[in-house]
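Structural features, examined
Below are the chains, spelled out letter by letter.
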Amino acid sequence: MIILSRILKIILFIIFFAIFFEAGLISAYTIVTSQPPDVNKLITMQVDELSSLFNFGSGSIGSNQNTLNVTNPNEVATAINATGIVDGVNIQSITATTSQSTKNVDTLLVNITATGYKDVITGDNTSAQVVISPNQTYTILATATGNLSTGKTQITIDVSTLKIISTKELYSKTS
């Protein structure tokens, strides 16, 4: 009976912790964005992040990653630019990796990593000089599906399935 009571207390503690965590997340979202929160979107985001953390559905957490050569880097860069997160993407930095086996499959889910940048335009009304320079550098993580080539080392990314997972600022030039 005592063990059952302790287990019940632990379960109640976990439930109350989850409730207070969610309430704090919703209130923080409201304070930061000054908009009412979309609870469904927040919960979906948390589930996506947890599933990517535990890497559900694609083997074990420590599984081997296969690096594939992207055959359409210009299209991938254009699709990333279309999101509005960055002004440009370094095409040479685009890499695609997967933890799925490349044997006996034609279509794979891949993780895409790229380096992007934002431009800053400087100048004022008194001078005729306008300077455009890269000011911020980002690393962009995305997922997409792609079709393997016959050699199973090259992949053509289906840009309509591209989904940005995260953007992290690597460098910011401060004046």
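This text goes with the structure placed above it.
Quick summary incoming for the structure in this document. Within each chain, residue numbers correspond to sequence positions counted from 1 in written order. Totals for whole chains, interfaces and linings use all residues, but because this is a predicted model, local features are given only for residues with pLDDT of at least 70 and pairs of side-chain atoms are given and counted only at 80 or more. Computation of side-chain values covers all heavy atoms of the structure but excludes hydrogens and water.

**Quick word on the side chain of Thr 143**
For Thr 143, the position within the fold is in strand E4 (residues 131-148). In this description, contact between two residues means that some pair of their heavy atoms is separated by no more than 4.5 Å. Those residues in contact with Thr 143 that lie beyond four places of it in its chain are Leu 109, Val 110, Asn 111, Thr 161, Leu 162, Lys 163 and Ile 165. Put simply, DSSP H or I for four residues or longer makes a helix, DSSP E for two residues or longer makes a strand, and each gets a number counted from the N terminus.

**Some details on the packing of helix H1 (residues 2-33) against helix H2 (residues 39-54)**
All axes here are fitted lines through C-alpha atoms, helices being fitted over the stretch that makes contact, and every angle between N-to-C directions spans 0 to 180 degrees. Where H1 contacts H2, the axes come no closer than 11 Å and their chain directions differ by 120°. Overall, the two elements H1 and H2 adopt an arrangement that is oblique. Crossing hand, H1 versus H2: right-handed. Side by side, H1 and H2 meet where Phe 21, Glu 22, Leu 25, Ile 26 and Tyr 29 of the first sit next to Val 39, Leu 42, Ile 43 and Gln 46 of the second. Any angle that falls under 35 degrees is termed roughly parallel, while one over 145 is termed roughly antiparallel, one within 65 to 115 roughly perpendicular, and all others oblique. By convention the crossing between two helices is left-handed if the near helix lies anticlockwise of the far one by an angle smaller than a right angle, and right-handed if it lies clockwise.

**A few points about the nonpolar core**
We define a nonpolar core as any set of buried Ala, Val, Leu, Ile, Met, Phe, Trp, Tyr and Cys residues linked to one another through side-chain atoms lying within 4.5 Å. Only protein chains enter the accessibility calculation, which uses a 1.4 Å probe; a residue is then buried when its area is under 20% of its type maximum, exposed when over 50%, and partly exposed in between. Formed by 22 residues in total, the largest nonpolar core has its most connected members in Ile 80, Ile 94, Val 110, Ile 112, Ile 155 and Ile 157. Those elements giving two or more residues to this core turn out to be strand E1 (66-70), helix H3 (73-82), strand E2 (88-98), strand E3 (107-122), E4 and strand E5 (154-157). Counting residues per element, this core draws most heavily on E4, at five residues. Leaving out residues up to four positions away in the same chain, Ile 112 has contacts with Val 76, Ile 94, Thr 95, Ile 140, Leu 141, Ala 142, Ala 144, Ile 157 and Leu 162.

**Some thoughts on H1**
Taking 1.5 Å of rise per residue, 32 residues should cover 46 Å, and H1 covers 46 Å from first to last C-alpha, within 8% of that figure. The positive-phi residue at the C-terminal boundary of H1 is Ser 34, with phi of around 55°. Any helix carries an expected span of 1.5 Å times its number of residues minus one.

**Re a nonpolar patch on the surface**
Residues enter patches when they are more than 30% accessible in relative terms and free of salt bridges; like-charged ones are connected within 9 Å and nonpolar ones (Val, Leu, Ile, Met, Phe, Trp, Tyr) within 5 Å. Using a 1.4 Å probe, the Shrake-Rupley method yields the accessible areas, and only the shown protein chains count as cover for residues. Whenever a carboxyl oxygen of Asp or Glu lies within 4 Å of a side-chain nitrogen of Lys or Arg, that contact is scored as a salt bridge. Taken together, the side chains of Ile 3, Ile 7, Leu 8, Ile 11, Leu 12, Ile 15, Phe 16, Ile 19 and Phe 20 make up a nonpolar region of the molecular surface, amounting to roughly 910 Å² of accessible area. Counting through the fold element by element, Phe 20 comes out in helix H1. For Phe 20, a relative accessible area of 62% gives the class exposed.

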